[in-house]
Every structure is written in structure tokens, then in C-alpha cells.
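# Geometric and topological summary
Single-letter residue listing:
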Amino acid sequence: MEHPENDKAYKGLTVNSGVTSQPCVNPYRRPRSTRRPQLTVSDYVEGILKGNVSVLGQAVTLVESLADHHQALAQEVIEKCLPYSGNSRRIGITGVPGAGKSTSIDAFGLHVINQGHKLAVLAIDPSSERSRGSILGDKTRMEKLSLEKDAFIRPSPSAGSLGGVARKTRETIVLCEAAGYDTIFVETVGVGQSETAVHSMVDFFLLIQLAGTGDELQGIKRGIMEMADGIAINKADGDNIDRANLAAAQFRNALHLFPPTPSKWRPEVITYSGYYEIGIDKVWDMIDRYFDYVKKTGFFEKKRNEQAKYWMIETINEQLRNNFYNTPEVKALLEQKELRVLNNEQSSFTAAKDVLDFYFDSLRK
Ligand code: GDP
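As the structure is a computational prediction, the values presented were derived from the model and not from experiment.

## As for the overall build of the protein chain
The helix and strand inventory of the protein chain stands at 12 helices and seven strands. Across the 365 residues of the protein chain, 45% fall into the buried class. Within the protein chain, contacts between residues at least 6 apart in sequence are counted, and of these 74% link residues at least 24 apart.

## A few points about the site of the ligand
Of all residues adjacent to the ligand, which total 15 residues, the nearest are Lys101, Ser102, Thr103, Lys235 and Asp237. Glycine 98 places a main-chain nitrogen or oxygen 2.8 Å from an oxygen atom of the ligand. With respect to the ligand, the backbone of glycine 100 contributes an N or O atom lying 3.0 Å from an oxygen atom. Expressed as a share of its isolated accessible area of 580 Å², the protein-covered part of the ligand is 69%. In terms of residues, the shell around the ligand owes the most to one element, helix α4 (residues 101-114), which gives three residues. Classifying every residue of the shell around the ligand by side-chain character gives four nonpolar, seven polar and four charged.

## Remarks on empty space enclosed by the protein
Applying the stated criterion across every chain yields a total of one cavity of 30 Å³ or more. In this structure, the largest cavity spans a volume of roughly 40 Å³. Within the residue set of the lining of the largest cavity, elements represented by two or more residues are α2 (53-64), β2 (119-124) and α5 (162-178). Ranked by the residues each element gives to the lining of the largest cavity, the list is headed by α5, at three residues. When the residues that make up the lining of the largest cavity are grouped by side-chain class, the tally is five nonpolar, two polar and three charged.

## Considering the pattern of salt bridges
Where charged atoms of side chains with opposite charge meet at close range, the side chains can pair. Applying the stated rule across the entire model yields 13 salt bridges. In this structure, arginine 167 engages glutamate 318 in a salt bridge whose closest nitrogen and oxygen atoms are separated by 2.8 Å. Here the residue arginine 167 occupies a position in helix α5, and glutamate 318 occupies one in helix α10 (residues 299-325), the gap between them amounting to 151 residues. By relative accessible area, glutamate 318 is classed as buried at 11%. Put simply, Arg167, Glu171 and Glu318 are held in one network by salt bridges that share partners.

## Section: the side chain of glutamate 171
Considering the arrangement of structural elements, one finds glutamate 171 in helix α5. Here glutamine 75 takes part through its side chain, which lies 3.2 Å from a polar atom of the side chain of glutamate 171. In contact with glutamate 171, not counting residues within four places along its chain, are Val63, Gln75 and Ile78.

## What to know about the nonpolar core
Counting residues in hydrophobic clusters, the biggest one holds 54 residues, and the most contacted among them are Ile48, Leu56, Leu175, Ile231 and Ile233. In terms of residue count, α5 provides more of this core than any other element does, seven residues in total. Residues contacting isoleucine 233, with those up to four places away along its chain left out, are Gln209, Leu210, Ala211, Ala244, Ala247, Ala248, Phe251, Val269, Ile270, Thr271 and Tyr272. Of all hydrophobic cores here, the second largest spans 35 residues; its members include Phe185, Ala232, Val283 and Ile287.

## Quick word on the confidence of the model for the protein chain
In this model, the protein chain carries a mean pLDDT of 86, and residues with pLDDT of at least 70 account for 86%. By mean pLDDT, helix α7 (residues 222-227) is the weakest element of the protein chain at 81, and helix α9 (residues 280-297) is the strongest at 96. Residue range residues 129-134 is modelled with pLDDT below 50. Its contacts to residues more than four positions away, or to other chains, number 11 contacts.

Reading the values: rules and limits
Residues numbered from 1 in each chain as written. Predicted model: local features only at pLDDT ≥ 70, side-chain atom pairs only at ≥ 80, totals over all residues. Heavy atoms only, no water. Helix = DSSP H or I, 4+ residues; strand = E, 2+ residues; numbered from the N terminus. Buried < 20%, exposed > 50% of the residue type's maximum accessible area, 1.4 Å probe, protein only. Contact = heavy atoms within 4.5 Å. Near = heavy atom within 4 Å. Polar contact = N/O pair within 3.5 Å; in protein donor to acceptor, adjacent residues only side chain to side chain. Areas by Shrake-Rupley, 256 points an atom, 1.4 Å probe, with all protein chains shown as cover. Nonpolar A, V, L, I, M, F, W, Y, C, P; charged D, E, K, R; others polar. 1 Å grid on protein atoms, 1.4 Å probe; cavity = no way out; pocket = protein on both sides within 12 Å on 5 of 7 lines; lining within 4 Å. Points joined across faces, edges and corners; volume = space filled by probe spheres on them. Salt bridge = Lys/Arg side-chain N within 4 Å of Asp/Glu carboxyl O. Core = buried A, V, L, I, M, F, W, Y, C linked by side-chain atoms within 4.5 Å. pLDDT = per-residue confidence, 0-100.

Printed below as a string of C-alpha cells:
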């Protein structure tokens, strides 16, 4: 077809029809496959134990995959990595959007790496989807850290049930530890349920707060404050220093009213500036003190054991729920029962009992 720009109305340039591409010089050449060869369990495990970042990344992708055969492979890799995991400091970091989490993680992360550690930054954000907007743990948010070879940054597994997303993050911790990362940050947005999930997989929980926005307990639920082992008040720089100190005093007072934490550790409140890197070492000293303390009292081990138990039960719950809701006959019966309940033909309780009875009967067969 004649090119439209060759019309008389267009003056100047003409567009020539292209030449056909040259025949292939080597008729035996096969285009190189762009798919990576599937690694075996021992490829994954060896790669991870050697600290190979690319293999670690692929293993995490496997953990995050929803495909059954990937899941089976992932579980084998995790089992094999388990004996090499556990030797790290796991630190949860939360705060409302804008509190300065990514700026602070950048600064804290560099501090940790400069002390000779290897750092993995993971995230739990059940609302996030890979394709959309900014994501917790995204490399682009942590400009300095993303250039460090000793930092492994991974965004939140994409949207799914909180339980599922959290389990994947916990499994990723195992892989990162086996790969030699001795400091793990798990980031989350301080607005909801995900804090409980993060709390159940970290040793220390840091709440990042702001001063000078009027309401000093900005949107942070009491429950989240109760979980915190430390509160770090960010943006204590420039005109904001006095307000940050005032907020720190208010938080210290508020913390006095809370019941003692299970570790008997008294949560500390520290002011700092993530952006200007002022007081990063103060925050880190607090975290060091905490680890010294819980290792001495034995609380460190106790909490890790409780978490292991919690995750076993959580995994069972999740698998049971998935199995139940993904059984086609159960799905069909549920739909029928829903209609009956909506039409007041059956009570919610007898309908639930009928569906459960049907499910348990089908298991016995
Ligand atoms: P996030 O949403 O919690 O990850 O917050 P960000 O790290 O993206 O920070 C939100 C905004 O606060 C950005 O514009 C930062 O530049 C700014 N910010 C972060 N930390 C500081 C700080 O220590 N001091 C000041 N003045 N601004 C900061």
C-alpha cells in the first residue's frame, strides 16, 4: 500500500517502501530461546547457599507463584534451606504512608551494610499489585540501597489474601537467610492488619512516626503502638526538631499507660532524621540494646519458637480454607445455600452445617 505521507498534500519528504529482509545466512541457526532453563531443587539450594542473587531471586519468584508445581518445588527448596536459616536479625518496620519509611530504610540499610552486614528488604502490602503504582520494598524507592551489592530488595508479593502474602514473605526470609543475609527488614504500611502478620515474623518491631502534624498519634491504631518495641520519630530536622522532641515526650507518656510487653523490654522513643541522616546510630543502638537484652533473657528463642508454631497453624488454616473453597462441589452447594439463606428459606447456621457436613462426608469417601 502507498504510504499516506506520499500523498501530494505532503511536501518535502517521500517515504520509500522498505527492502525485504535478507535471507538468513546460516539456515541451521535456531533462534535462542528466551526462556530460562528450569532449575532443579539442588540447583536452587546450591545457588542460594552460595549467595547467588539471581538464583535467590528466581527461588523467591517460585515461592510467590500460584502454580501447584511451582509451589511443590518451592516447598522442597525451603525445606532444604531451613537448616541454614534463622541466624539473622529480623526487623519489622511500619509507619503510615509519608512517614518516611523508604527514606529511613535507605539510611538504616546503609548503616547496617557499613557495619559489614548483608541486608534483605522485604515487604508485606496485601493491597499492592505489581503493575500498579508504588510498591513497598520497591527498588526505586530506596535509591542508595539499591546500588549496594550487599542489599537484596524485593517488593511485596502481589495482592492476595493477607495470610497468603504473609506466608510467602516468611518463606522468603528463610531463603534470604540461607543465602547469607544476616539482617532482614520487613516493611509494611502502618494502617491495618498486616502489622500483626509482620509482628509474627520479626524479632524487633519499629514504628516510624512523625511530629508536627497536629494529631500526634496520627492514624496509628493503639494495637500497633502496643506491638512496637521502639518508636522512631522521623523528620527531626530544621524547624521540626522542637516538635519532634515534644512528640517524643507525648509518646513516652502514652507508652507508660500500656501494659508491659511480653519481653518486659521497655519500648524506647527516639527522634531522628532519615533524610539528613541524623541520629540513625541512635536508633540502631536501641535495636542493638534490644537484641542484647532478649538474647540474655531467652525471650529471643522463646518468641522464635512461638512464631514457628503460629506459622504452622496459620499454614494449616490457609490450606484447609483453600481446599474447602476450591472444591467444585462445595462451591456449587455454597451457591445454592446462599440463595436459600437470602430467601429466608434456611438459617445461616443450618446452611453452614449442611455445607460442612457435605465436605467432611466427601473427605471420608
Ligand atoms: P514512605 O511513604 O513512608 O515510604 O515515605 P517516604 O520515605 O517516601 O517519604 C515521604 C516524604 O517525606 C518524602 O518527600 C521524603 O523526602 C520526606 N522525608 C522522609 N524522611 C525525611 C526526613 O528525615 N526529613 C524530612 N524533612 N523529610 C523527610
